[in-house]
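Single-letter residue listing:
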Amino acid sequence: MSLNAKNRMLHRAAKEIAPGMIVNLGIGLPTRVANFLPKDFPVCLHSENGIAGIGPVAEDGAEDRNLIDAGGAYVTPVNGTSYFDSAVSFAIVRSGRLDLTMLGAFQVSAVGDLANWMIPGFFTPGAGGAIELAQKAHEVAVITTHTDKKGRPKIVQECSLPLTAKRCVSRIFTDLAVIDVTKEGLQLIEIAEGVTVEDIVKATDADLNLPVGEIPVF
Amino acid sequence: MAMIDKTTAMRDAIARIPDGASVMLGGFGVPGTPFCLIEELVRQGQKGLTIIKNDANETGMGVDWLLESGQVSKLVTSHIGLNPRAVKMMNAGEIEVEFAPQGILAERIRVAGAGVMGFVTDIGIGTDMAKGKVEVSVDGNVGLLEPALRADFALVHASKSDTFGNLVFSATARNFNPLIAMAADFTIAETETLLPAGEILPDEVHTPAPFVDQVVVMSSLPEVYGVVKR
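Figured I'd write up the structure that's included with this text. (Residues numbered from 1 in each chain as written. Chains lettered and ligands numbered in written order. Predicted model: local features only at pLDDT ≥ 70, side-chain atom pairs only at ≥ 80, totals over all residues. Heavy atoms only, no water.)

### A short note on the pairing of strand 8 (residues 139-143) of chain A
Residues and elements named next belong to chain A. With respect to burial, strand 8 is a largely interior element, 5 of its 5 residues being buried. Burial along strand 8 is two-sided: the residues E139, A141 and I143 and V140 and V142 are all buried. Here strand 5 (residues 100-103) runs beside strand 8; their pairing, made up of 4 bridges, is parallel. Residue pairing across strands places L100 opposite E139, the latter belonging to strand 8. (Buried < 20%, exposed > 50% of the residue type's maximum accessible area, 1.4 Å probe, protein only. Helix = DSSP H or I, 4+ residues; strand = E, 2+ residues; numbered from the N terminus. Pairing = 2+ DSSP bridges.)

### Section: the sheet that holds strand 9 (residues 155-156) of chain A
Residues and elements named next belong to chain A. Spatial strand order, 7-6-9: 3 strands in an open sheet with mixed pairing. Every interior strand has two partners, whereas the edge strands, strand 7 (114-115) and strand 9, have only one. In terms of strand pairing, strand 6 (residues 107-109) meets strand 7 through 2 bridges, oriented antiparallel. The residue of strand 7 that forms the bridge with Q107 is A115.

### Topic: the environment of B:L25
All names here are of chain B. In this structure, L25 sits in strand 1 (residues 22-25). For L25, a relative accessible area of 1% translates into the label buried. Through-space distance from the C-alpha of L25 to that of A154 is 6.0 Å; in sequence the pair is 129 residues apart. What L25 contacts, discounting residues up to four positions off in sequence, is P34, I38, I51, I52, K53, V63, L66, L155 and I180. (Contact = heavy atoms within 4.5 Å.)

### A look at the pattern of salt bridges
Taken as a whole and assessed by the stated rule, the structure comprises 22 salt bridges over all chains. A salt bridge links A:R12 to A:E190, with the shortest nitrogen-to-oxygen separation between them at 2.8 Å. Pair noted here: A:R12 is in helix 1 (residues 3-14) and A:E190 is in strand 12 (residues 185-191), with a separation of 178 residues, a long-range link. Each member of the pair A:R12 and A:E190 is classed as buried. As a salt-bridge pair, B:R110 and B:E107 come within 3.0 Å of each other at their nearest N and O atoms. Highlighted residues: B:R110 and B:E107, both in helix 5 (residues 102-113), separated by 3 residues, approximately one helical turn. Relative accessible area serves as the criterion here: at 11%, B:E107 is assigned to the buried category. Among the ionic contacts, a cluster of salt bridges with common partners joins A:R94, A:E132, B:E107 and B:R110. (Salt bridge = Lys/Arg side-chain N within 4 Å of Asp/Glu carboxyl O.)

### Quick notes on the sheet that holds strand 7 (residues 141-147) of chain B
Residues and elements named next belong to chain B. The strand order across the open sheet formed by 3 strands is 5-7-6, and the pairing between neighbours is antiparallel. Both edges of this open sheet fall to strand 5 (118-121) and strand 6 (135-138), since each of them pairs with a single strand only. Mean inter-strand twist for the sheet, computed between neighbouring axes without regard to direction, equals 45 degrees. Taken together, the 4 bridges between strand 6 and strand 7 define a ladder with antiparallel strand orientation. For V138, the partnering residue across the bridge sits in strand 7 and is N141. Sheet contacts for helix 5: strand 5 and strand 7; angle to strand 5, the most-contacted strand, approximately 145 degrees. (Axes fitted to C-alpha atoms, helices over the stretch in contact; angles between N-to-C directions.)

### A closer look at the interface of chain B and chain A
At the junction of the two partners, chain B supplies 42 residues and chain A supplies 36 residues. Counting the surface lost from both chain B and chain A, the interface buries some 3100 Å², and carbon and sulfur atoms represent 58% of this. Put simply, A:R94 and B:E107 hold a salt bridge, and the shortest N to O gap is 3.6 Å. Inspection of the region where chain B meets chain A yields 18 residue pairs in polar contact (both at pLDDT 80 or more). Within the residue set of the side of chain B that touches chain A, elements represented by two or more residues are helix 4 (84-91), helix 5 and helix 6 (177-183) of chain B. (Buried area = accessible area lost by both parts, 1.4 Å probe. Polar contact = N/O pair within 3.5 Å; in protein donor to acceptor, adjacent residues only side chain to side chain.)

### So, the packing of aromatic side chains
One pass over the structure, following the stated rule, counts 4 aromatic pairs over all chains. With 5.7 Å between their ring centres and 85 degrees between their planes, A:F106 and A:F123 make a pair best called edge-to-face. Linking A:F106 in the loop between strand 5 and strand 6 with A:F123 in the loop between strand 7 and helix 3 (130-136), this pair joins segments that are 17 residues apart in sequence. In textbook terms, an aromatic cluster arises when at least three aromatic residues are bridged by ring pairs, as seen for B:F35, B:W65 and B:Y225. (Phe/Tyr/Trp six-rings, centres within 6.5 Å; stacked < 30°, edge-to-face > 60°.)

Here it is in C-alpha cells:
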C-alpha cells in the first residue's frame, strides 16, 4: 500500500468522527486517524489504560513518563482530560459510553464478524481490550488494508480465524474502498481514487452489493 | 488519634513472599510497574510464582526479569505481545499462560477487592473465550460467570504515599494499581515520595490506607521508570 493510499484511507476514516463523540482508536493504523482530524476538533479520545481526553503526541524531550496511550505512545492531556483505573476504563467501554471505536482486522466477514487478535500457531499474544471494544462500542469501524501482505483478501464470506466478536462491524475502511455491513450484506459505498469496481471485487472474498449509478470517490 | 507507620525496608517486605505465591503486579507498560519491588523479588529468588499483571512488560523490564530468572510458573494476563520471551516460554510449555480480556481481568480483580465472589457478563459470548465458562441466566439474558481473582500479594507503584499507606498515583500509572491493592491478602506499595500522615489531603487519596499493609520508599528513581525511546 502506497503512502498516498494509506493517507487517503486514514483521511477518509477521520470523517467518520463527528463532533462531541467519545472515541477509542485501536493500536496501529487506527490511532493514526487522529492525525487527520482538524486541529481543536471537539472529540474525546479514550484509551484503555485509563485516559479520556487524549491530546497530541508529546514532543521530543517533553514526554511525561507516566502518560501514555494503550499503544505506548507518550501523549499529552487537553482541557477536560480525566485519568482513571482500568476497571473504570472498561466500565466506560462495557456500559456503552463509546460512540465509536476504530480497530484493525485480520478478517471481517460478510455479516460483520471481526477476527483481529489471534492467528493460531503464529500470533497468540492475548486479546488485550479488543473483545470489549468490538462488542460494546455503539459503532465499530474497521481500518485495514484490503488484502494481507500475501495479497489474500481480508474481507471474507466467513472468518476462518478465531473471532474477536460476532456481528459487530458496521463499516470497513480500506485502501481501496469503503464498505458497509448491512442486513442485505456487504455494500460498496465509496472507492479510492484510481481504483475500479473490478479491482475491489477481485480483492474481496465475499458477496459484495454494488451501488446503482456513480460511486463516490475518496 | 494517630495512625501507625507502615514504612518497611524493601528487603523485609519482599522476604514475606514465599515460593509458590500468587503475586499481582501493577502497571500497563512502564507506567505503574513496581520495578524496584520486582528487582528485589528477583534478587531474593522466590520460585514457582503465579504472576498476575495486565501485560508482560517488554524485553529487559519488570516481568521479563522474573521470566529470565525462571521464577514464574504461571502468568495471568491480557496481552503479552510486546515480550517475545513470554511468548516463547508459553509456546515451549515452560510457563502456563491464562488470558483474559483486559476489562474482564480488571473487573475480576476489582470484585475480589470488593469482597464479591464473581460477576456475570456477556463479554466473549459466541467466541472461543466463552469455552469452559459457566453460563448464567440473569433476567432472561445469558451471560458468563467470571470468578473473582484474588492473590496472596500485590506489589503496587505509587507516586506518593503517606506513612499510613494512603496512596496517590500519577496519570496513566494508575491503571491496575488501585485494583490489585484491594485484591490481595498482603499489599506492598513502593512510593517515589513519602509524606507524613496528614500531608495527603483526604479527598486526594486514590487508594485508602486500610488496603495497604507495608510502604517501601524508593531511594532513587532508576532509569527503567523513565521515558522509553523507540
